[in-house]
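Residue-level structure breakdown
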Amino acid sequence: GAVDIATTGANAYAVRATGTGSQIGLAGGFSLSTAGVNAAAVMADSGGVVSLGGTDVASTIATTGAFARVYYATGAGSLIAATNVDASFDFGGGGSGAFADQGAALVLNGGSIASIGNAVNNVAASNGASVSLTGVRLTLSGDGASGLWASNGGSIIGDGVTIEATGGIDEATSLRTGGASNDAFGPTTSGGVLKLTNSTITASGRSAYGVYTSDGGVTTLVGDAIATTGPDALGVGVGRAGRATIS
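Predicted, not measured: the structure shown is a model, and the values here were computed from it. Numbering of residues begins from 1 in every chain and follows the order in which that chain's sequence is written. With pLDDT at 70 or above as the cut-off, local features in this predicted model cover only qualifying residues; side-chain atom pairs require 80 or more to be listed or tallied, and sums for whole chains, interfaces and linings still use all residues. Hydrogens and waters are ignored; side-chain quantities use all the structure's heavy atoms.

Some thoughts on the overall build of the chain
- Across its full length, the chain carries zero helices and 25 strands.
- Scaling as 2.2 N^0.38, a compact globule of 247 residues should have a C-alpha radius of gyration of about 18 Å, and the chain matches this with 17 Å.
- In terms of its C-alpha atoms, the chain occupies a principal-axis envelope of roughly 50 × 35 × 30 Å.
- Long-range contacts, defined as pairs at least 24 residues apart, comprise 83% of the intrachain contacts of the chain with a sequence gap of at least 6.
- Surface accessibility in these figures is a Shrake-Rupley result with a 1.4 Å probe; residues are shielded only by whichever protein chains are displayed. With the model as given, the accessible surface of the chain reaches about 9,400 Å², and the carbon-plus-sulfur share is 52%.
- When charges are counted, Lys and Arg are positive and Asp and Glu negative, with His and the chain ends excluded. Lys charges are placed at NZ, Arg charges at CZ, Asp charges at CG and Glu charges at CD. Here the chain contributes 8 positive and 15 negative side-chain charges, whose respective centroids are spaced 8 Å apart. Only DSSP runs of H or I covering at least 4 residues are called helices, and only runs of E covering at least 2 are called strands; the numbering of each starts at the N terminus. Both definitions apply: the radius of gyration is a C-alpha atom measure, and the globule rule equals 2.2 Å times residues to the power 0.38. By definition in these notes, contact holds between two residues if any of their heavy atoms fall within 4.5 Å.

So, the packing of aromatic side chains
- Aromatic pairing here means that ring centres of Phe, Tyr or Trp (its six-membered ring) are within 6.5 Å. Orientation follows from the plane angle: under 30 degrees is stacked, over 60 is edge-to-face, and everything else is tilted. One pass over the structure, following the stated rule, counts one aromatic pair.
- Ring geometry for Tyr72 against Phe99: centres 5.9 Å apart, planes inclined by 0°, an arrangement best described as stacked. Residue Tyr72 is located in strand S8 (residues 69-74), and its partner Phe99 is located in strand S10 (residues 85-101); the two are separated by 27 residues in the primary sequence.
- In this structure Tyr72 comes out as buried when scored by relative accessible area, which is 18%.
- Under the scheme applied here, a residue whose accessible area is under 20% of the maximum for its type counts as buried, over 50% as exposed, and between as partly exposed, the area being computed with a 1.4 Å probe on protein chains only. Taking the relative accessible area as the measure of exposure, Phe99 reaches 12% and is therefore buried.
- In this scheme, Lys NZ or Arg CZ marks a charge over a ring once it lies within 6 Å of the ring centre and within 35 degrees of the ring normal. Against the face of Tyr72 rests Arg69, its NZ or CZ located 4.4 Å from the ring centre.
- Sitting above the plane of the Tyr212 ring, Arg176 keeps its charged end 5.4 Å from the centroid.

Some remarks on the pattern of salt bridges
- Definition used for salt bridges: Asp or Glu carboxyl oxygen within 4 Å of a side-chain nitrogen of Lys or Arg. For the structure shown, the criterion picks out three salt bridges.
- Arg16 serves as the salt-bridge partner of Asp45, at 3.0 Å between the closest nitrogen and oxygen. Within this pair, whereas Asp45 is found in strand S5 (residues 40-45), its partner Arg16 is found in strand S2 (residues 13-18), the two being separated by 29 residues in sequence.
- For the salt bridge of Arg137 with Glu164, the shortest nitrogen-to-oxygen distance reads 2.8 Å. Of this pair, Arg137 sits in strand S14 (residues 137-141) while Glu164 sits in strand S17 (residues 162-166), placing them 27 residues apart in sequence.
- The exposure class assigned to Arg137 is partly exposed, which follows from its relative accessible area of 43%.
- On the accessibility criterion, Glu164 (29% relative accessible area) is partly exposed.

Considerations on the environment of Ala35
- Relative to the elements of secondary structure, Ala35 occurs in strand S4 (residues 31-35).
- Along the backbone, Ala35 and Arg69 are 34 residues apart, and their C-alpha atoms lie at a distance of 9.9 Å.
- Excluding anything up to four places from it in sequence, Ala35 contacts Thr7, Thr8, Gly9 and Thr64.

Some details on unusual backbone geometry
- Although it is not a glycine, Ser46 sits at a positive phi angle of roughly 55°.
- With respect to the helices, strands and loops of the structure, Ser46 is situated in the loop between S5 and strand S6 (49-53).
- Of note, Ser207 is a non-glycine position whose phi angle comes to about 60°, a positive value.
- Looking at where Ser207 falls in the secondary structure, it is placed in the loop between strand S20 (200-204) and strand S21 (209-213).
- With a relative accessible area of 10%, Ser207 lands in the buried category.

Here we look at the environment of Gly147
- You can see Gly147 is positioned in strand S15 (residues 146-151).
- Here Gly147 falls in the buried class, since its relative accessible area comes to 0%.
- Each C-alpha atom, one on Gly147 and one on Gly210, is 9.7 Å from the other, the two residues being 63 residues apart in sequence.
- Excluding residues within four positions of it along the chain, Gly147 makes contact with Asn122, Val123, Leu138, Leu140, Ile163, Gly178 and Gly179.

Notes on the nonpolar core
- What makes a nonpolar core is a set of buried Ala, Val, Leu, Ile, Met, Phe, Trp, Tyr and Cys residues whose side-chain atoms join them at distances within 4.5 Å. Core analysis: the largest hydrophobic core is formed by 53 residues, its most contacted members being Val42, Leu52, Ile61, Tyr71, Ile80, Ile113 and Leu148.
- Residue contributions to this core peak at six residues, all from S10.
- Grouped together as the second largest cluster of nonpolar side chains are six residues, Ala40, Met43, Tyr72 and Phe99 included.

Points about the side chain of Ser78
- With respect to the secondary-structure elements, Ser78 resides in the loop between S8 and strand S9 (79-83).
- Using a relative accessible area of 2% as the deciding quantity, one classes Ser78 as buried.
- Engagement of the side chain of Ser78 in a polar contact is seen with the backbone nitrogen of Gly47, the distance being 2.8 Å.
- Polar contacts, as used here, are pairs of N or O atoms within 3.5 Å; protein pairs need one atom able to donate a hydrogen and one able to accept it. Residues neighboring in sequence count only if both atoms are side-chain atoms. For Ser78, the side chain forms a polar contact with the main-chain oxygen of Thr74, separated by 2.9 Å.
- Filtering out sequence-adjacent residues up to four positions away, Ser78 remains in contact with Ala44, Asp45, Ser46, Gly47, Gly48, Ala104 and Ala105.

Now the structure itself:
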C-alpha cells in the first residue's frame, strides 16, 4: 500500500540516510511531511543515498517551519535522486527548499517544487555540490525569492526546466525575485556554474530578473525562453566579474 510518513519537531526527518553504504529506496505513491524548525523531509549525509519516486504513481512531499527543507544532501558521496515527486515548502523566509552542499549531489527528474516565502530559493547548490534537473517545474511566490541559486563552486545543470517567479524586493535582505541566480550572498563568497537548456523562465514584480550572474559565476544559456515584467525588470544580467553565454 501507499507509504505515509509524517514528523513534527525541530531537526526532525521523514527519511534520512547517513554514512557511506547507507541507502533508502522509496517507490512511487508515497506521502512525506515534516513540520518544525530545521526539519527536512529527505536527508542524505556523510555518503548516504536516498532514491525516491517512480514513473507510474504520483508522490508528494510537504514541509513547513523555519529553515525546513524538502531535500537536503550534504557531504561528498551523498545523493538524493527523485523522480516525479511534487513537493512544496512554506517557512516564511530565508533558506533553500532543496539544497545540495559540501560536494553532495541532488538529481531531480520530473515533478515540481513550489515555495511560499520571502528570500527563499527553491533549489540551491553550494560548496562544490551538484544539482541536475530534467523536466522539473519550479514555482515561487515571495519577495526576494529565486528558483535556482548556485554559489561557492556549486553546479546546477537544468534541461527542460520551467520556473515561474512572482514577487518583488525583499526589504530585509534587498534581494530581488527572479528565476535563477549564480552569485555570492551571505556566508558565500563566489558564484558557481549554471547551465540551462531548453528551459522557460517567467518572473514578475518590481526589479524581477530572469537570470543573474556575478562574483565570478559562469552561466550558459542554450535555447531558453525568458520573460520578465515589472518596473526595472531584467532579462539576463551580469556584474562583479560574472560571465554569461547565450545561444
